[in-house]
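Here is how the chains run, residue by residue.
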Amino acid sequence: MWSGDELDLDAYLARIGLGGSGGDEGRGRELRPDLETLYAVHRAHTAAIPFESLDVTFGRPVELDVKSVQDKLVHRRRGGYCYEQNSLLAAALQRIGFEVVGRGARNRARGDSLLPVTHAVLIVTVEGEPWLCDAGYGYPGPFEPVPLGRPGAEVRQGGWTYAVHQEEDGLLVLRWLREGTWRDLYAFTPQPYHPVDYVVLNHYSSSHPRSAFLGKVIVQLPGEEVRVALLGRELTHWYPDGRVESRTVTADEVIPLLGREFGLRLSEREAADLVGIFRAED
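Every value quoted in this text rests on a predicted model; they were computed, and no experiment measured them.

## Some points on the overall build of the chain
- Each helix and strand counted, the chain has 8 helices and 13 strands in total.
- Whereas a compact globule of 282 residues would reach a radius of gyration of roughly 19 Å, the chain reaches 18 Å, a difference of no more than 12%.
- Dimensions along the principal axes, computed over C-alpha positions, put the chain at roughly 55 × 45 × 35 Å.
- Out of the 282 residues in the chain, the part that is buried amounts to 52%.
- For the chain, the exposed surface amounts to about 12,600 Å²; the carbon and sulfur share of it is 48%.
- One way to put it: in the chain the 31 positive side-chain charges average out to a point 3 Å from where the 41 negative ones average out.

Quick look at the structure:
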């Protein structure tokens, strides 16, 4: 389903620091479809590949086939948004031997507004237990798998806490604890989604006038001890103790900042386009 056979797994693992000259976590042992591997891959992926929707900002198409996603996120060291991130993660997990299915989720992080189902998440089953995996929700998102078979169980990830709540109608809701209050992130049903479904959602998110991504600069990274986001021209750091630090980013500093804060590499053309967007707002 996820075209894992088309993925260059060695290149992907090197990109996320689990192979070649990358980091130490997960290296030196065979990657098996077990919980230890799932945690290692999920953590490494979210740490290495930032959430960003700059192609939508530039008015360029977002392709979801494995070859295109691999070229962009792995070889060109760009980031991506949920459809790209989780399509790549699904292909890698399938290639390793995991059972992976997709789900469509409804964003609840914007208050009481009823939003369409536009978020893509993954369900990975390990030894009969389902786990929510999501490398593409941005700064509030989990950087490790979250158990689905134990609704209400609190999961600590670094300085952050998550739980999946089951509502009366069977909806599952991912929540995170922020300043002593549980806040809904998104809700999803058991209905399976396939890659072709994400093509439809991607078309809406990348081109519909009401899309939250259209005409906006969005780059985010869900770190273990600090969450970072560039939203428009505002750079914000969130800390587990409730501290929030924000400042305005100038056109002259945005490109080096993307490398320093997010590990994001842009081509000369992409960098020029982004700087042009910033300068147009001066």
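## Here we look at the layout of surface pockets
- Looking at the largest pocket, its volume works out to about 840 Å³.
- Lining of the largest pocket is provided by 36 residues; of these, N107, A109, R110, Y137 and Q220 occupy positions nearest its centre.
- Elements that contribute at least two residues to the lining of the largest pocket include exactly α5 (82–96), β3 (117–126), β8 (172–178), β9 (181–188), α6 (195–207) and β10 (218–222).
- The element that contributes the greatest number of residues to the lining of the largest pocket is β9, accounting for 3 residues.
- When its residues are assigned to classes, the lining of the largest pocket shows 19 nonpolar, 9 polar and 8 charged.

## Some thoughts on the sheet that holds strand β12 (residues 234–238)
- The strand order across the open sheet formed by 5 strands is β1-β10-β11-β12-β13, and the pairing between neighbours is antiparallel. Each edge of the open sheet carries a strand with a single partner, namely β1 (51–52) and β13 (244–248).
- Pairing of β12 with β13, which is carried by 5 bridges, proceeds in the antiparallel orientation. Considered in β13, the bridge of H237 is made with E245.
- Together, β10, β11 (227–231), β12 and β13 form the strand contacts of helix α7 (residues 254–262), whose direction differs from that of β11 by roughly 155 degrees.

## As for the sheet that holds β8
- Ordered in space as β5-β4-β3-β2-β9-β8-β7-β6, the 8 strands form an open sheet in which the pairing is antiparallel. Where the open sheet ends on each side, the last strands, each with one partner, are β5 (146–147) and β6 (155–157).
- Pairing between β8 and β9: 7 bridges, direction antiparallel. The residue bridging L174 from the neighbouring strand is Y186, located in β9.
- Packed onto the sheet, helix α2 (residues 35–48) meets β3 and β4 (129–133) and runs at close to 5 degrees relative to β4.

## Topic: empty space enclosed by the protein
- For the coordinates displayed, the defined rule picks out 1 cavity of 30 Å³ or more.
- In this structure, the largest cavity spans a volume of roughly 60 Å³.
- The residue makeup of the lining of the largest cavity, split by class, is 8 nonpolar, 5 polar and 1 charged.

## Structural notes on the pairing of strand β2 (residues 99–107)
- Pairing of β2 with β3, which is carried by 8 bridges, proceeds in the antiparallel orientation. Of the residues in β3, the one forming a bridge with G102 is L122.
- The pairing of β2 with β9 spans 3 bridges and is antiparallel. What sits directly across from A105, in β9, is F188.

## A few points about the pattern of salt bridges
- This model, assessed by the stated rule, comprises 18 salt bridges.
- Residue R43 is joined to E144 by a salt bridge in which the shortest nitrogen-to-oxygen separation is 2.4 Å. With a gap of 101 residues between them, R43 in helix α2 and E144 in the loop between β4 and β5 connect regions that are remote in the sequence.
- By relative accessible area, which is 11% here, E144 ends up buried.
- With its nearest N and O atoms 3.6 Å apart, the salt bridge here joins R243 to E245.
- According to the relative accessible area criterion, R243 is partly exposed, its value standing at 41%.
- Connected through shared salt-bridge partners, E52, D55, D71, K72, R76, R78, E84 and E270 make up one network.

## Here's the deal with the packing of α2 against α5
- Two elements in contact, α2 and α5, have axes separated by 11 Å at closest approach and are oriented at 150 degrees. Judged by the inter-axis angle, α2 sits roughly antiparallel to α5. Between α2 and α5 lies a crossing of right-handed hand. Of the residues in α5, those in contact with T37, L38, V41, H42 and H45 of α2 are Q85, L88, L89, L93 and I96.
- Classifying every residue of the contact of α2 with α5 gives 6 nonpolar, 4 polar and no charged.

Parameters and conventions
- Residues numbered from 1 in each chain as written.
- Predicted model: local features only at pLDDT ≥ 70, side-chain atom pairs only at ≥ 80, totals over all residues.
- Heavy atoms only, no water.
- Helix = DSSP H or I, 4+ residues; strand = E, 2+ residues; numbered from the N terminus.
- Rg over C-alpha atoms; globule rule 2.2 N^0.38 Å.
- Buried < 20%, exposed > 50% of the residue type's maximum accessible area, 1.4 Å probe, protein only.
- Areas by Shrake-Rupley, 256 points an atom, 1.4 Å probe, with all protein chains shown as cover.
- Lys, Arg positive; Asp, Glu negative; His and termini not counted.
- Charge placed at Lys NZ, Arg CZ, Asp CG, Glu CD.
- 1 Å grid on protein atoms, 1.4 Å probe; cavity = no way out; pocket = protein on both sides within 12 Å on 5 of 7 lines; lining within 4 Å.
- Points joined across faces, edges and corners; volume = space filled by probe spheres on them.
- Nonpolar A, V, L, I, M, F, W, Y, C, P; charged D, E, K, R; others polar.
- Pairing = 2+ DSSP bridges.
- Contact = heavy atoms within 4.5 Å.
- Axes fitted to C-alpha atoms, helices over the stretch in contact; angles between N-to-C directions.
- Salt bridge = Lys/Arg side-chain N within 4 Å of Asp/Glu carboxyl O.
- Parallel < 35°, antiparallel > 145°, perpendicular 65-115°, else oblique.
- Left-handed = near helix turned anticlockwise from the far one by under 90°.

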